[in-house]
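Chain by chain, the residues run as shown.
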Amino acid sequence: MLEFDEGNGARFPRRLPPLNRLAACVALAAGLLGSAPAARAEELELSVWSNLTTAAQADVIQRQVNACLKEMPGVSAKFETVPFGSMYTRLITSMKKGDVPNVMNTLEGAVAYLQAKGAVVPVDDVIDQLGRGDFLASYLAAVSKSGKVWGLPDWALHQEVWYRKDLFQAAGLAVPKSWDELLAAANKLNKKPDQYGFAVPMDRALVAPQTYFQIFYSAGGTIFDPKTGEYAFGDKRAEAVAAMKFMLALYKEASPPASIEWSWSGYREAFVKGQVAMTNEWGAVVGIAQEQNPKMLDQMGVFAFPGPSADKPAPAALNGGYYYLVGKSTDAKVAASKKLLLCMYKPERVAERAISRPIFAVPATHSAFESAAYQSNDIVKRFKPEIDYIFNNVMSHWYRYGMEAGLNPLAGQIEATTFIGDAMQNAALGKITAEQAVDQIDQQLRFQISLLGG
Amino acid sequence: LARSYRPAQAARATGRRAAASRAVIGIALAAPSIAILVGLVAYPVVDAIRLSFNDVDMLTDSERFVGLANYAAAFHDPGFWPILANTAIWSAGSLVGQFALGLLAAIIIDQRLPGVAFVRSILLLPYVVPVIALALFWRWMLDGTYGIISHLLQHLGLLAANQSPLALPSGAMASVIVANVWRSFPFVMIVYWAALQDIPQEQYEAAKVDGAHALQQFWYVTLPNLRNATVTLIVLRVVWTVTYFDLIWLVTHGGPGGATKHWPIWIYEEAMGSLRFGYAAALAVLMGAFLMAAAIVYVRGTQYKDAR
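**Structural notes on the interface of chain A and chain B**
Link 1 in the chain: Contact residues are listed per partner, giving 33 residues for chain A and 32 residues for chain B.
Link 2 in the chain: Each partner contributes to the roughly 2,600 Å² buried at the junction of chain A and chain B, and carbon and sulfur atoms together form 54% of this total.
Link 3 in the chain: Three residues stand out in chain A for area buried against chain B, namely K117(A), R204(A) and E261(A), and they jointly supply 21% of the buried area on that side.
Link 4 in the chain: Taken together, the links from chain A to chain B amount to 2 salt bridges.
Link 5 in the chain: In this structure, E269(B) engages R204(A) in a salt bridge whose closest nitrogen and oxygen atoms are separated by 2.9 Å.
Link 6 in the chain: Linking chain A to chain B there are 13 residue pairs in polar contact (both at pLDDT 80 or more).
Link 7 in the chain: Taken together, the elements giving at least two residues each to the side of chain A that touches chain B come down to helix 3 (84-96), helix 4 (108-116), helix 19 (410-416), helix 20 (419-428) and helix 21 (434-451) of chain A.
Link 8 in the chain: Per element, the largest residue contribution to the side of chain A that touches chain B is 4 residues, and it comes from helix 3 of chain A.

**Some details on helix 12 (residues 285-292) of chain A**
Residues that lie three or four places apart on an α-helix share one face, since the helix turns once every 3.6 residues.
Residue and element names in this part refer to chain A.
Link 1 in the chain: Within the sequence span of helix 12, burial applies to V285, V286, I288 and A289. Down the axis of helix 12, the buried side of the element spans an arc of 165 degrees, and every buried residue falls inside it.
Link 2 in the chain: Buried residues in helix 12 make contact with strand 10 (160-164), helix 11 (264-272), strand 11 (278-281), strand 12 (300-303) and helix 17 (378-382).

**Quick notes on the packing of helix 2 (residues 69-76) of chain B against helix 13 (residues 277-307) of chain B**
All names here are of chain B.
Link 1 in the chain: At a minimum axis separation of 9 Å, helix 2 and helix 13 run at an interaxial angle of 75 degrees. Classified by the angle between their axes, helix 2 and helix 13 sit roughly perpendicular to one another. Residue-level inspection shows N70, Y71, A73, A74 and F75 of helix 2 in contact with helix 13, the latter providing G278, Y279, A282, L283, V285 and L286.
Link 2 in the chain: Of the residues assigned to the contact of helix 2 with helix 13, the class counts are 9 nonpolar, 2 polar and no charged.

**Regarding a nonpolar patch on the surface**
Residue and element names in this part refer to chain B.
Link 1 in the chain: Judged by side-chain polarity, L101, L104, I108, F118, V119, I122, L125, Y127, V128, L236 and W240 come together as a nonpolar surface patch covering roughly 970 Å² of accessible area.
Link 2 in the chain: Mapped onto the nonpolar patch, the elements with two or more residues apiece are helix 3 (80-109), helix 4 (116-128) and helix 10 (227-242).
Link 3 in the chain: The element that contributes the greatest number of residues to the nonpolar patch is helix 4, accounting for 6 residues.
Link 4 in the chain: One can find I108 in helix 3.
Link 5 in the chain: Take I108: its relative accessible area is 41%, and that puts it in the partly exposed class.

**Quick look at empty space enclosed by the protein**
Remark: the empty space left among the atoms is shown by a probe the size of a water molecule rolled over them.
Link 1 in the chain: Across all of its chains, the model carries 4 cavities of 30 Å³ or more by this definition.
Link 2 in the chain: The space that makes up the largest cavity amounts to roughly 70 Å³.
Link 3 in the chain: What lines the largest cavity is D203(A), R204(A), E261(A), Q425(A), R139(B), L166(B), V251(B), T252(B), H253(B), G255(B) and P256(B).
Link 4 in the chain: Here the residues of the lining of the largest cavity are counted per class, giving 3 nonpolar, 4 polar and 4 charged.

**Considering the nonpolar core**
Link 1 in the chain: Ranked by size, the top nonpolar core spans 182 residues in total, and within it Y212(A) and M278(A) carry the most contacts.
Link 2 in the chain: Among all residues touching Y212(A), those that are not within four sequence positions of it are F233(A), A240(A), A243(A), M244(A), M247(A), M424(A), V438(A) and I441(A).
Link 3 in the chain: Counting 22 residues, the second-largest nonpolar core is a separate cluster that includes A105(B), V116(B), W193(B) and A229(B).

**Looking at the pattern of salt bridges**
Link 1 in the chain: Applying the stated criterion across every chain, the model contains 26 salt bridges over all chains.
Link 2 in the chain: A salt bridge links E269(B) to K261(B); its shortest N-O distance comes to 3.0 Å.
Link 3 in the chain: Judged by its relative accessible area of 14%, K261(B) is buried.
Link 4 in the chain: One salt-bridge network, in which partners are shared between bridges, spans R204(A), D422(A), K261(B) and E269(B).

**Overview of the state of the cysteines**
All names here are of chain A.
Link 1 in the chain: Tallied over the full model, the rule gives 1 disulfide over all chains.
Link 2 in the chain: For C68, the disulfide goes to C343, at an S-S distance of 2.0 Å. The sign of the S-S torsion, about -85 degrees, decides the handedness of the disulfide formed by C68 and C343: left-handed. In this pair, C68 is assigned in helix 2 (residues 55-69) and C343 in helix 13 (residues 331-344), connecting sequence segments 275 residues apart. Taken as a pair, C68 and C343 share a single burial class, namely buried.

**Points about the layout of surface pockets**
Link 1 in the chain: The calculated volume of the second largest pocket comes to roughly 970 Å³.
Link 2 in the chain: In terms of lining, the second largest pocket is formed by 32 residues, of which the most central are Q444(A), D77(B), P78(B), G79(B) and K261(B).
Link 3 in the chain: Breaking the lining of the second largest pocket down by element, the ones donating at least two residues are helix 20 and helix 21 of chain A together with helix 3 and helix 12 (263-273) of chain B.
Link 4 in the chain: Taken together, the residues of the lining of the second largest pocket sort by class into 12 nonpolar, 13 polar and 7 charged.

**Some words on unusual backbone geometry**
Link 1 in the chain: The omega angle of the peptide bond from K192(A) to P193(A) is 5 degrees, so this bond is cis rather than trans.
Link 2 in the chain: Here P193(A) is to be found in the loop between helix 8 (179-189) and helix 9 (207-218).
Link 3 in the chain: The omega torsion across G255(B) and P256(B) is -5 degrees, close enough to zero to call that bond cis.
Link 4 in the chain: Mapping P256(B) onto the fold places it in the loop between helix 11 (246-252) and helix 12.
Link 5 in the chain: The phi angle at S146(A) is positive, at roughly 55 degrees, despite the residue not being glycine.
Link 6 in the chain: Positive phi, close to 70 degrees, is recorded for L206(A), a residue that is not glycine.
Link 7 in the chain: Note that L206(A) resides in the loop between helix 8 and helix 9.

Here is what the cut-offs are and how they apply
Residues numbered from 1 in each chain as written. Chains lettered and ligands numbered in written order. Predicted model: local features only at pLDDT ≥ 70, side-chain atom pairs only at ≥ 80, totals over all residues. Heavy atoms only, no water. Contact = heavy atoms within 4.5 Å. Buried area = accessible area lost by both parts, 1.4 Å probe. Salt bridge = Lys/Arg side-chain N within 4 Å of Asp/Glu carboxyl O. Polar contact = N/O pair within 3.5 Å; in protein donor to acceptor, adjacent residues only side chain to side chain. Helix = DSSP H or I, 4+ residues; strand = E, 2+ residues; numbered from the N terminus. Buried < 20%, exposed > 50% of the residue type's maximum accessible area, 1.4 Å probe, protein only. Arc of directions from axis to C-beta. Axes fitted to C-alpha atoms, helices over the stretch in contact; angles between N-to-C directions. Parallel < 35°, antiparallel > 145°, perpendicular 65-115°, else oblique. Nonpolar A, V, L, I, M, F, W, Y, C, P; charged D, E, K, R; others polar. Patch = residues over 30% accessible without salt bridge, like charges linked within 9 Å, V, L, I, M, F, W, Y side chains within 5 Å. Areas by Shrake-Rupley, 256 points an atom, 1.4 Å probe, with all protein chains shown as cover. 1 Å grid on protein atoms, 1.4 Å probe; cavity = no way out; pocket = protein on both sides within 12 Å on 5 of 7 lines; lining within 4 Å. Points joined across faces, edges and corners; volume = space filled by probe spheres on them. Core = buried A, V, L, I, M, F, W, Y, C linked by side-chain atoms within 4.5 Å. Disulfide = S-S within 2.5 Å.

Now the structure itself:
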């Protein structure tokens, strides 16, 4: 039916009636489509997602994926950055389609969510091949459940107090060892309205829970009992109220009033530009200072958030981590995903990912932390005392909210909802008391747990 | 007779064929639009109504019929009245501002003055700026430390040092209303401007002959002639304002302390935060039903008034 001419391949005979031409088009298209799977029969395409939308970090991951795939003939990858804000929506729709990403780089909350859905596979075999002892135990514990590990720790989100060394020295202040000392130091550093002692950001989405739980954990509180896994927030009401009261005192006495609605950029820029002398932070202030006020870099120091009394350090901080997880799929895709991760977990590659945003990201493996690739980075060298302090003191004892007893999808619910922020903001605005704020949080935590079937 | 009958019969048959052909072409041309409307509007609406009678568990993908339980829960939710009040304040404030500013701007650009075409283009800008840029722009101006508006308010003694309107419940609501008025008034302006151009000049001339001054001309000539445009605008703007989510979410996230949490944010938080899709669907259906009822009552009321 089709005529051929040299050089141009198939063309339609002029005599063909329109309907027959249409039928021929359909037949040709069907033929082409039909032949496509055959041509790609041996090609395995993995979907790789990362929540890291910062170009410096995403580019490194993509480059490493591509480099590793060169060692894996017949396997290709579709790399995609999925912003944290739309991650749960994307995960829900992908699960509905039965198309969970094969490899995903994300926070514990998403690991917990996908594990609860039965959408990921354990990665113990990968961890054992890489050497279990190489990973920081606290990061493995955070993504463990039912005796299995569901995500490969990559780098740490660590929260501590970043402070101005020059201002501390000028005021004759030592590093605070208790809440009272911290509040006193913050008050001493107040030079309102030009300078405030301590930033207490409370944006109702994400930032508020990070602020509150840092203080709550420093008081010895937990949402679940780390040993039994039982709900414990109600039993820890005294600690919860004390933490709320301390946070409110810090806000009222030493934080800019607008910080009630500050998100990350608000308090980080305030610190870097000298408006606040201390802030609870993940280390991103270093990168921001490099861009906006390099002179500040020499004045920045860190200390762990103190506990209520000087005789006992805070039992835990609110930390977190980024992990690589493997989505449930065909055996071939799961095997290829794990092979890809084995390649990406060579110490120099883990180090390279961490130094794509130095200080903010600290490797969660000993080998990467100690590697020349990591230690030779200029910023790492410049902040070596601070990084060593973080690696040894802040990254060893920490919880993610709701995951004190291992993986729990409640962490995702806390990240996706705003009830903690609402309670904190209303308490800060004087609309409710600290006790009422804690009771609201308690009630909502129980409600969210009930929604999760707990 | 037979000879005269045949051509008439043939003509009728030809006419029927032509009509049938036109109908087929009409259906064929309308089919893509119908398919899109069914797929993207009718199906989601019907499915949302179905979901609103179910308890949907996203963790297990299971659905359980619960009848009117989601609706009952919505009315008993402690957030119901505060959120309804926020929605009413947000909508009323936005609409009053949009209509007042839109009408004023329409009258200005309707004048035959030098440079008015340029002014017209400038006034349209807020409507074409992407909402994310607009939200960042307002957040920046309202920043407690560096924002020009906050600085001015602090200078006037209306705000404490380093305070932002966004950190105060009433200030946050006022801020998002002002931002929304600024964003949306150009639409009202353009519709009113088109209506103003349709007003016969003779009516103004007659009013002048009767001794009407400018305000009386506006009251007795301009406003009555804008009635039809206003009826349409009110229906459209009410629906768009009540359901407007992006701007308020990007500027305040519904804070501080839920002070700017309106109905669409409530729906979003229940669906995407707590993953309560059945409950969120019930909230969405309630909002849709309220808007539809309000529109019907308003349009019927207007028609009844016209008939009288």
